[in-house]
Amino acid sequence: MEGPATRTRTSEQLFFLRPDSGGHEIATQTQAGNLVIGKESWPARLQGLGNSARAQLQSALLAIPTAFNCEIDRGTLFLFLPVFSGIGAIFYFNAAVEPRLGAVLSGLTLLIGCHALAHARPMIRLVLLLATALVAGMLFGKVETMRAGTRMLGSEVTTRMTGRVTAMSRDAKGGWRLTMDVISTARPALQYGPDRITVSARSVPRDLRVGDGLAGLVHLRPQSGPVRPGNYDFAFYNYYRGVGASGFLLGKLETVPVALDTGPVATTLMAIANIRQQLTQRILRNIRGEPGDIAASLITGQRDGISDDTNNAFRLSGLSHILSISGFHMALVAATIIGSLRAIMAFFPGFSARFPVKKFSAVIALMGSAFYLLLSGSDVAAQRSFVTLAVMLLAMTVDRAAISMRNLAIAALITIAISPHEILGPSFQMSYSATAALIAFYSWWSHRQGRRAFRRGVSNHLLLALPLKAINHIGAIAMTSVVAGTASSIFAAYHFNNTAPFGLVGNALALPVISVFVMPFAVLGLLAMPFDLDWLPFTVMGQGIEIVIAIAKMVASRSPSGNLGLMPQGTLVLMSVGLILLLFLSTRLRLCSIPVLATAALFMLRAQEPGIIVSEDGKLVALRTGDRDLAINRTAGSAFSLNNWQQGYGINEVVKPLKAGALSKETQFECVEKLCTAREPGGLIIAYTDDRKQTVLACGEGDIVILAFAGAPTICGDKNTLVLTKRDLALHGTAEITLKPPEPLPPTIARNKSPEVVLAEANDSRLRRLRSASINYAVGPPDRPWNTYRTYSRAARNIEDYKSRKRVNADSDEAAACEKSADC
């Protein structure tokens, strides 16, 4: 009787080995003219090949249950629990209406009960377990939304505010960025004002500290939505950060006494915030210039002082992950603490022999990482990295493998349970995909290297071992960059339209400098501060950062464009599924990822790009032309939106409108008396106006009409036109209009028809294109807690825009750019 091993080996052989053909045969030809191979004719040979293919297909189908059972025996099923929990959270955040808590709890209770009753049906229990994880993810999202409960400002307003400073940082231009808890408002007093705001100011009172009270005139605006569909949603993420409005301060600020929150948690956090601010100033005194700003971002998380040019250089060179505190920084801090403690303990062999020094070092590293988390401002990305590191350090204390896919799954489950909205952001997706790819790759690589070392033996000679270790170290850095960069490039291409083609070179050159001269000396600088000796480690750290900046700018100047174009959401979903199957599965079932990834690539190649883009404020309209140019309706549009559109849609040049009478391109906007018109490549006319008096002319000339004023009509009389109003944009955000390609008319048919018939057919084709036009808004229906504020905006209520004084209008573009860069 066959055992399990024999059956598994036989099925694997049937699946991957071609049946023996009986040796090599010599082809001959019979007198009848039939070509034969040995003793078989071609028809018999083809029939044998068909039978062989059927046998291979049958063996493949039989091998699937065996491989599936092997995955379950290895514990792979546990890795999919955070995946399905994350899917449930995504379902919750993308639902059209807010799910009721009672409905979610009822569904979860039902699934748990069914799972308990189906103990005799393993497959049914498996399905119910994954469904339970999915509904649990929805529950996590619902609980977080209820816990946040942020009050969002509905429309622009200028008011006199008194508030308490909770965070402050200085930007690259010398201005200040303040996060404040609102205590009171006056003239006018806001009936439903935000509890926390983020504002920019040109100057602040001297010796201002976190916890002090400020009073002054402030212009507040609602949070903005995505600049284009699928892009970063400022309102969504600020809702979960508790920030209900953004704006800028006007005039002189005054320091006023305010009541302090006397709770123990609030007092502790306020003290840590002041320590963080003082530490930032001390770092900037020891490290001058932009290296000091980067050093502050690595230690205290305040990165507002880094210039746009340096940020762009780090992004193009694949080093932008260095500027935000993440798992890389947490791991270096923990490694520095563990390495230093174990090196010190080596001088005390008696103590080291009697006590578990490794476990002591892991516990102290965990405490040091927790202090680093508080010191860095406890950003969401840093919190997630700390959870992952804490799981691995705690695994060391119980003699378990620190770095494993199971520990990563536990960390992901904890992160999704605490902060599920982060699963929609680039930070969560890129960090966990890169970490999972590294664990999967080095697990395979170490197993492979172990077998090779066993076969050939290992040389213990020092002169031979040192060069080999150096080569292996350099190769490990290169492979780490390749593996992590490849896995995270999927999400970088979707969120940032950048894949950093020379990221391997940038990371291979910069990571050794960061690992040796930057982060270890940052830890030493913190330890030396009580003795006023921090200037020495910080000097070395500053020199290391200067080298990293030079590497980033050198690589960025030589890097080609890494923009792959617009990636549809379907492509992102399929690539994520394919990556999960490739990394989590350990048997040949991982080959299922190949068709999934191939389908994702096909979807991206066949993606239809929008022809017209309209900003959410209705001020900027862009028309895609055939030569990848972008014609806009304003000579001075929003720089932030234009740069985002250029990068997201792969635009080569922005074409500004011309005045009447000037020679223009066919698809260029022409603006006369607040009426702008342009012809898209298929022949349809786009008409735009923000003046009510031009409504009749716009409807008369345009096939697609954009009326950017309050109270605009939704139709243009009896004419078949597509009308987009300012109210539509206020409720649903930025709009993408996608049109089908024009239908070419065959020349031979056109010559045999009268001009009237040809004109009528062209008009019918135009109407068909208008009816097939689809509008994709950046924001769904305003029925979710983070976007219900849109229904209270002036444009949504058909009220004219708020008219403020000249200074507000002059500073609005600058403040908007500041808001975007800080929140993104």
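The structure presented is a predicted model; accordingly, all values stated were derived computationally and were not measured.

Caption draft 1: Region of interest: the sheet that holds strand β12 (residues 653-655). Taking strand neighbours across the sheet as the criterion, the 6 strands line up as β12-β11-β10-β9-β19-β20 in an open arrangement whose pairing is mixed. Each edge of the sheet is formed by a strand with only one pairing partner; in this case those strands are β12 and β20 (774-777). Averaged over all pairs of adjacent strands, the angle between their axes in this sheet comes to 25 degrees, without regard to strand direction. Looking at chain direction, strand β11 (residues 629-632) and β12 are connected through 3 bridges and run parallel. Along β12, the bridge assignment pairs leucine 630 with valine 654. Along the sheet face, helix α21 (residues 639-649) touches β9 (612-614), β10 (621-624), β11, β12 and β19 (735-738) and points at about 150 degrees away from the line of β9.

Caption draft 2: How the structure looks around the environment of glycine 225. Tracing the chain through its elements places glycine 225 in the loop between β7 (213-221) and α6 (234-241). Along the sequence, glycine 225 and alanine 778 sit 553 residues apart, while their C-alpha atoms lie 7.4 Å from each other. With residues up to four places along the chain from it excluded, the contact list for glycine 225 reads Tyr232, Asp233, Phe234, Glu616 and Arg790.

Caption draft 3: Layout of the state of the cysteines. Inspection of the entire model under this criterion finds 2 disulfides. Between cysteine 671 and cysteine 676 runs a disulfide, and the two sulfur atoms are separated by 2.1 Å. Between cysteine 671 and cysteine 676 the disulfide shows an S-S torsion of about 110 degrees. By sign, it is right-handed. Sulfur-sulfur distance for the disulfide between cysteine 699 and cysteine 716 comes to 2.1 Å. Across the S-S bond linking cysteine 699 and cysteine 716, the dihedral sits near -55 degrees, which makes this disulfide left-handed. Separated by 17 residues along the polypeptide, cysteine 699 in helix α22 (residues 695-701) and cysteine 716 in the loop between β17 (704-707) and β18 (722-725) bring together distant segments of the chain. Assigned by exposure class, cysteine 699 and cysteine 716 land together as buried. Look at the protein and number its bonded cysteines as they come in the sequence; the links are 1-2, 3-4.

Caption draft 4: Looking closely at the sheet that holds strand β5 (residues 176-186). Taken in spatial order, the 5 strands line up as β4-β5-β6-β8-β7 and close into a barrel, and their pairing is mixed. This sheet shows a mean twist of 50 degrees between the axes of neighbouring strands, independent of strand direction.

Rules used in this analysis
- Residues numbered from 1 in each chain as written.
- Predicted model: local features only at pLDDT ≥ 70, side-chain atom pairs only at ≥ 80, totals over all residues.
- Heavy atoms only, no water.
- Pairing = 2+ DSSP bridges.
- Helix = DSSP H or I, 4+ residues; strand = E, 2+ residues; numbered from the N terminus.
- Axes fitted to C-alpha atoms, helices over the stretch in contact; angles between N-to-C directions.
- Contact = heavy atoms within 4.5 Å.
- Disulfide = S-S within 2.5 Å.
- Buried < 20%, exposed > 50% of the residue type's maximum accessible area, 1.4 Å probe, protein only.

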